[in-house]
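# Inside the fold
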Amino acid sequence: AIYNSVDLDRRITEYVTDLRARGHYEATVEYSVVISDDRETVDLLLDVRPGPIVIMAFTGDLLSSDLQENLKPIQEEGAVDEDLLEDSTQRIMEALREEGYWKASVDYRRVQTADELTVTFSIDQGSQYLVEHVHIQGNRSVSESDLRSLLKLQPDALFVESVFEDDIATLIEHYRGLGFANVIIRTDVLEPEKTLSNLTPPQSLAKVSPRIIIGED
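In what follows, the accompanying structure is described. (Residues numbered from 1 in each chain as written. Predicted model: local features only at pLDDT ≥ 70, side-chain atom pairs only at ≥ 80, totals over all residues. Heavy atoms only, no water.)

Every regular strand shows the same layout, with side chains that alternate between the two sheet faces. Pairing of strand β3 (residues 53–60) with strand β5 (residues 116–124) involves eight bridges; the strand directions are parallel. Across the sheet, the residue bridging to Ala57 is Thr120, located in β5. Relative to β5, strand β4 (residues 105–112) runs antiparallel, the two sharing eight bridges. In the strand pairing of β5, Arg110 is matched with Val119. Linking two consecutive strands that pair antiparallel, namely β4 and β5, is a turn of three residues. (Pairing = 2+ DSSP bridges. Helix = DSSP H or I, 4+ residues; strand = E, 2+ residues; numbered from the N terminus.)

Spelled out as structure tokens, the structure:
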């Protein structure tokens, strides 16, 4: 066969991609070329390292196929190091919280053998939280209706903490635009009191009431 470095690189890339698609996420292929003295032939030395088969397992709550897409960087990067696993875990947890699972938690553990690496993700999505009411306090100079019109978080919507944080940033910007340069806004989230009736069984839906406390001075 005629040696062609471009064609060789393409074939190696395809081969590595195929290995990773079959679970060998850390597969690598390196090569070296030794040219004969008469420069008529070459010896091609391939160093193929498929690495262990990586198995992704899940315990706890079911993880949708869309959320499992957050694990694709592990395959694409060709590594199962702690940084990538931590990043993937964080992305899954943030995605769950964007769906209203305010207290969702995600963890993982690795079990390594000679030929296999199993990464088990533990998913605890918890309850899905809805907004019952948004409390606004301390607004002496701006009407409550004006402030509420600026909020994305509304009653019966999913409670998403990042949306709540964006709302607070919007309120601060609004106040500063009105000349309140030193405005301070504190927040908390009120949950229903725990009673015997709502302790067991666990509630799949829960309601919370975010509270906004404005310091205009």
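Time to look at the pattern of salt bridges. Tallied over the full model, the rule gives ten salt bridges. Of the charged contacts, one joins Lys103 and Glu191 as a salt bridge, the two residues approaching to 3.0 Å between their closest N and O atoms. With Lys103 in the loop between α4 (82–98) and β4 and Glu191 in the loop between β8 (184–190) and α7 (196–199), the pair connects residues that are 88 residues apart, well separated along the chain. Note on Glu191: relative accessible area 33%, which makes it partly exposed. (Salt bridge = Lys/Arg side-chain N within 4 Å of Asp/Glu carboxyl O. Buried < 20%, exposed > 50% of the residue type's maximum accessible area, 1.4 Å probe, protein only.)

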